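Breakdown of the fold
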Amino acid sequence: MASSRSLNRLSVTIKGGHGGSLEVARARILMMRALFLALYCVVAVRLFDLMIIQNIDLGEGGEHINVSHFIDPEQDLKVRRADIVDRNGVLLATSLKAASLYVDPKYILTPERTARALSEMFPDLSYDVLLKKFQKSGRFVWLKRGITPEDQANILKIGDPGLGFRDEYKRLYPQGTLAAHVVGYSNIDGQGFMGVERSFQAMLEKGSDLTLRTSLDIRFQHALHAEIAQTMQKFSAKAGAGIVLDVQTGDVLGMVSLPDFDPHAPTSSPKNTQFNRVTQGVYELGSVFKIFSTAAFLETQKNALSVTFDAREPLKRGRYTIRDYHPEKRVLSIPEIFMVSSNIGTALMGETIGAEGIQSFYKKLGLMDKPDIAFSEVGKPLYPRPWRDINTLTASYGHGIAVSPIQLVRAVATIVNGGYKVTPRFVLPESEERGQGTKTRLVSQETSDVMRSLMRLVVTDGTAKQANIEGYDIGGKTGTAEKPGKKGYDRKKLISSFVGVFPMNDPQYVIFVMLDEPKGIPETHGYATAGWTAVPTFARIVKRIISFQAIKPQILHNNDFSQKQSVSNIVYGGQE
Amino acid sequence: MSFLSRTDKNVLSTWFWTVDRTMLVFVSILMAYGVMLVAAASPAVAVRIGLHENHFLVRHVVVLLIAVVGMIFTSFLSPKGLWRLATLILGAGLFAMILIPFVGMDIKGAQRWIHLLGLSLQPSELVKPAFAIVAARLMAMQKEKEHFPGELYAAGLFAIIVLLLMMQPDFGMSFVITSMIIAQIFLAGCRFKYLISVGVLGIVALLIVYSSFDHVRSRIDRFLDPSTGSTYQVDKSLESFRQGGFMGAGPGQGTVKLHLPDAHADFIFAVSGEELGFVFTLLLAGIYLLIVIHGLRKMEESEDMFSILACGGILTMIGLQALIHMGSSLHILPAKGMTLPFISYGGTSLLSIGFAMGAVLSLTRHKKRARIVSRRVSR
């Protein structure tokens, strides 16, 4: 070919003959063609390398690319924190994947424009601060964590390559404040800080396959929360608390401490809102303690129900004088003492039992030690040390000994459930073994039966008549205690509480309502005692429970203790 | 093609039957690629900088049509008309480049643009093909008249252009023009020992550029050792090729363009990689090679030194520009802002390439040979 022939003449000079220079040019054109062919082959090879070989390296679909500066080796999404649900599966806490926005100042393209767009989108991000962050020397600055998909789409539309996202899990509490103290909260790094979130941190952080089923029933929780909040407002109470406990299993069905806080922003509420008044707070609860002293009397004394005590005169022991709130000024039987809530009578009972008897009984019921429950916020009870004789008397009617409400309901549950030990629990076991496992008897069946009758009596004839609901077997005990002030007890500052049980013939729930410093109102003739505040609240809670649990009314036996009759027969027999 | 019969003697028909139709097909395919890729890549860029999403696409199509008209018009010209037009463009272009320091616009750190009738023009783009033609003419004249110092004139022009380019500064364009003139000297039959000397000089020049221009140095440093600085654009570009794979994401389906500031211009090849996949991207590269090879083969038949030198220079320019663009986005060359001929968005670049291709078409038309031969015979 002409071109190959001309290869021999490649070095002919520019100044060669005219035809000759054309020959040279043609030869050199051939060389140029070869050169371009070679160069384009390099491009083709590189294309093959990138698009076929390296693409295969990425695996199926080639979706995820490791571009060094965009993907941090530590980026790998943390394990999704387990959900928390109530006993019926209602979601209490869940983790949703949410993008968090950061800036890589090195790649920010249009700092002013991007800062302006972001500050318009999020009022909490100011233009100045953003601009400052865009100029930092580092490669990673958080801008906003946990953004909605909609906001993320809008940020992507800004289109600045310096903005990046990392997926994080955002903890959400669909019930909001409703169960704040039980569920607790955790921070963005998956650290539980309160309640179940803290107590079961190890289990929760393990991951998503697991769902933590709490003992809570959101309906009970709501009934408690709504009624106590309403009563607090009505009586301008400083605080309120309530708990519903299953008397057999110890399941905490509802637990409320008010005022409460938003678990999404725990720090935005005053610090004291995080205080759990049910488990952490210890209170001198007053007359509700008569349940325990009376039970102790029944347990320790023979023919206890035939004993009577003289309540005609205030009781004088040393420099102390014990008075009744509504003095009966007569000799009272044990049921009468309990029903009218006589301090004198109860103190005399306590004196009869003796310091050791009272203390050991209280200890047996778990009132003297920090409760052994699986919950992070637990308060320790307070009682006099050393324990003097007078303390035996006052402790009988709930003075000089402070316990947390959860300890109280736990002890009450034991008293009414036939005498077995109850351990409050917040989380349900994997598989319920009903009736199995060894029950620890703490109190005799007889004492339990009598106590239930006595508590029923308080509602039918005693201080808690407002708790009576026609057709439902409700019992309980009121407690109105003066709060300790700077100089002794303050008559104006009360802790009004009521612990109720129902149905009394086959106890299921023990419900406790407590109000901190309720103020009397005209409707209650200025009274702020338990009978006027905690008791009606309890009744309304029970009504709610009756309706959503569809509990049928029943024909009730006459309580043999009522009309102050003989005490020989007890309605609530073991056989029932 | 019944409306363009071989026997027709009107201008259009004559043009159609004498022009290099294979080349026209190649160019049309490139233009189709270009419209598709600009349509895919530019909305993301336009929206990002606050323009209407079709801003770039509409402009691209309009300028493309003007470029096609310009190309066809140029292809009608005789060699004489061609180098006259080229001289005119070169003169105007040089004048504009001298003006730039006084009236030019600063875009992305370099003064290359001049505002004219609502359009921003980059005179250096137009100077490039015009210079190839004028230099070819000067060198060819020296072949005919021994005492005409055409090569000296061409060298002088080259020096002026490179000086003006370095003032902007535009290293990439200088490199293309330098390669172009070397190709022409090579074709003109320069001895290898001179070429080697020029090559050595070129390396020295590169070293000087490397040491005196910070942005060039940082780009070369980054190319040689990616850890020395930001390789954001190249990382993104490579990512898009890997994403693309054999089949590609489909036109418009790519995501990397969202993160590439110049996806519609300097990194449009990366968009092709991600969206069109291996086969069509390889085809795209192949068409540039075909244009160069086919054009050079046509020149082998030419009897005219001017045609050979002009076409050789222009084809080198096109082939090299495409290579640099592809090489940058494939990370086999340092990142260099270079448009992909016929494809990238960029008004002046399109007009320039239209003119350049028009010149090639004009010089490779069949009847030219007959006429040139007869002229030579008559001489």
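Residues numbered from 1 in each chain as written. Chains lettered and ligands numbered in written order. Predicted model: local features only at pLDDT ≥ 70, side-chain atom pairs only at ≥ 80, totals over all residues. Heavy atoms only, no water.

The next thing to look at is the overall build of chain A. A tally of helices and strands in chain A yields 17 helices and 14 strands. Relative to its full complement of 576 residues, chain A shows a buried share of 54%. Once local pairs closer than 6 in sequence are excluded, the contacts in chain A between residues at least 24 apart make up 69%. With the model as given, the accessible surface of chain A reaches about 26,100 Å², and the carbon-plus-sulfur share is 51%. (Helix = DSSP H or I, 4+ residues; strand = E, 2+ residues; numbered from the N terminus. Buried < 20%, exposed > 50% of the residue type's maximum accessible area, 1.4 Å probe, protein only. Contact = heavy atoms within 4.5 Å. Areas by Shrake-Rupley, 256 points an atom, 1.4 Å probe, with all protein chains shown as cover.)

Now for the confidence of the model for chain B. Residues and elements named next belong to chain B. Scored by pLDDT, chain B comes out at a mean of 81, with 86% of its residues at no less than 70. The element-level mean pLDDT for chain B is lowest in helix 14 (residues 366-378), coming to 48, with helix 12 (residues 305-329) highest at 91. Counted against residues more than four places away or in other chains, residues 368-379, with its pLDDT under 50, gives 11 contacts. At the level of chain-chain contacts, confidence expressed as ipTM amounts to 0.85, with global pTM at 0.55. (pLDDT = per-residue confidence, 0-100.)

On to the environment of Arg456(A), then. With respect to the element layout, Arg456(A) can be found in helix 16 (residues 445-460). Residues Arg456(A) and Gly476(A), spaced 20 residues apart in sequence, show a C-alpha to C-alpha distance of 6.3 Å.

With that settled, consider the nonpolar core. Residues Phe292(A), Tyr362(A), Leu408(A) and Ile511(A) are the most contacted members of the largest nonpolar core, which totals 124 residues. Tallying contributions element by element places helix 15 (residues 405-416) of chain A first for this core, with eight residues. Viewed by domain, this core spans two of them, domain 1 (73-214) and domain 2 (221-264 + 273-430 + 438-571) of chain A, each represented by three or more residues. In contact with Leu408(A), other than residues within four places in its own chain, are Leu285(A), Val288(A), Phe289(A), Phe292(A), Leu367(A), Val403(A), Val499(A) and Phe512(A). Trp15(B), Ile161(B), Ile318(B) and Met338(B) belong to the second-largest nonpolar core, a separate cluster that totals 123 residues. (Core = buried A, V, L, I, M, F, W, Y, C linked by side-chain atoms within 4.5 Å. Domains from an automatic or database assignment.)

Taken together, the contact between chain A and chain B spans 48 residues of the former and 62 residues of the latter. Overall, the association of chain A and chain B removes approximately 4,900 Å² of surface from exposure, summing both partners, and the carbon and sulfur fraction of that is 70%. Between Glu303(B) and Arg26(A) there is a salt bridge, and its shortest N-O distance comes to 3.2 Å. The interface formed by chain A and chain B holds seven residue pairs in polar contact (both at pLDDT 80 or more) in total. For the side of chain A that touches chain B, the element with the most residues is helix 2 (residues 18-57) of chain A, which contributes 27 residues. Among the residues making up the side of chain A that touches chain B, the classes are represented as 30 nonpolar, 11 polar and seven charged. (Buried area = accessible area lost by both parts, 1.4 Å probe. Salt bridge = Lys/Arg side-chain N within 4 Å of Asp/Glu carboxyl O. Polar contact = N/O pair within 3.5 Å; in protein donor to acceptor, adjacent residues only side chain to side chain. Nonpolar A, V, L, I, M, F, W, Y, C, P; charged D, E, K, R; others polar.)

With that settled, the discussion passes to the sheet that holds strand 12 (residues 475-484) of chain A. Residue and element names in this part refer to chain A. Strands sit in the order 7-6-14-13-12 across an open sheet of five strands; the sheet is antiparallel. Unpaired on one side and paired on the other, strand 7 (252-258) and strand 12 mark the two borders of the sheet. In this sheet, adjacent strand axes meet at a mean angle of 10° when their direction is disregarded. Against the sheet, helix 9 (residues 218-234) contacts strand 6 (239-246), strand 7 and strand 14 (509-516), and its axis sits at roughly 25° relative to strand 7. (Pairing = 2+ DSSP bridges. Axes fitted to C-alpha atoms, helices over the stretch in contact; angles between N-to-C directions.)

Glancing now at unusual backbone geometry. Among all residues except glycine, the phi angle is most often negative; among peptide bonds, the trans geometry is most common. All names here are of chain A. The residue after Arg385, namely Pro386, is reached through a cis peptide bond having omega 0°. Of note, the bond from Phe502 into Pro503 is cis; its omega dihedral lies within 30 degrees of zero at -10°. Locating Pro503 in the fold gives a position in the loop between strand 13 (489-502) and strand 14. Notably, Ser236 is not glycine yet its phi reads approximately 50°, a positive angle. If you trace the backbone, Ser236 turns up in the loop between helix 9 and strand 6. Exposure remark for Ser236: the relative accessible area of 45% places this residue in the partly exposed category. Despite not being glycine, Glu517 shows a phi value in the positive range, around 55°. Secondary-structure assignment places Glu517 in the loop between strand 14 and helix 17 (534-549). Exposure remark for Glu517: the relative accessible area of 11% places this residue in the buried category.

A pair of packed helices is characterised by two quantities: the angle between their axes and the separation of those axes. All names here are of chain B. Running from N to C, helix 11 (residues 268-300) and helix 12 cross one another at 160°; their axes reach a closest spacing of 10 Å. By the angle class used here, helix 11 and helix 12 are roughly antiparallel. Where helix 11 crosses over helix 12, the two elements pack in a sense that is left-handed. When helix 11 is examined against helix 12, the residues Ile268, Phe269, Ala270, Ala285, Tyr288, Ile291, Val292, Gly295, Leu296 and Met299 are found in contact with a partner set consisting of Ile308, Cys311, Gly312, Leu315, Ile318, Gly319, Ala322, His325, Met326 and Ser329. (Parallel < 35°, antiparallel > 145°, perpendicular 65-115°, else oblique. Left-handed = near helix turned anticlockwise from the far one by under 90°.)

This part covers the side chain of Arg33(A). Residue position: Arg33(A) is located in helix 2. In this structure Arg33(A) touches Ile293(B), Leu296(B), Arg297(B) and Glu300(B), once residues within four positions along its chain are discounted.

All names here are of chain A. Residues of chain A with pLDDT of at least 70 account for 88%, and the chain-wide mean is 83. Low pLDDT (under 50) marks residues 59-75, which in the prediction has 24 contacts with non-local residues, meaning those over four places away or in another chain. When the criterion is pLDDT under 50, residues 563-576 qualifies, and its contacts beyond four places in sequence or with other chains add up to 34 contacts.

Here the structure, examined in full by the defined rule, presents 23 aromatic pairs over all chains. Here Phe48(A) and Phe278(B) contribute two aromatic rings whose centre-to-centre distance is 5.7 Å and whose plane-to-plane angle is 70°, an arrangement assigned as edge-to-face. Remark: Phe278(B) occurs in helix 11 and Phe48(A) occurs in helix 2; the pair is interchain, linking two chains. Since its relative accessible area comes to 39%, Phe48(A) is described here as partly exposed. Assessed through its relative accessible area of 10%, Phe278(B) is described here as buried. For the pair Tyr185(A) and Phe261(A), a centre-to-centre distance of 5.8 Å together with 80° between the ring planes defines the contact as edge-to-face. One end of the pair, Tyr185(A), is in the loop between helix 6 (180-183) and helix 7 (195-199); the other, Phe261(A), is in the loop between strand 7 and helix 10 (290-300), with 76 residues separating them in the sequence. Residue Tyr185(A) is classed as buried on the basis of its relative accessible area, which comes to 11%. Among the residues examined, Phe261(A) registers a relative accessible area of 0% and is labelled buried. Aromatic ring contacts, followed pair by pair, group Phe220(A), Phe502(A), Tyr509(A) and Phe548(A) into a single cluster. The cationic tip of Arg166(A) hangs over the ring face of Tyr102(A); the distance from NZ or CZ to the ring centre is 5.5 Å. (Phe/Tyr/Trp six-rings, centres within 6.5 Å; stacked < 30°, edge-to-face > 60°. Lys NZ or Arg CZ within 6 Å of the ring centre and 35° of its normal.)

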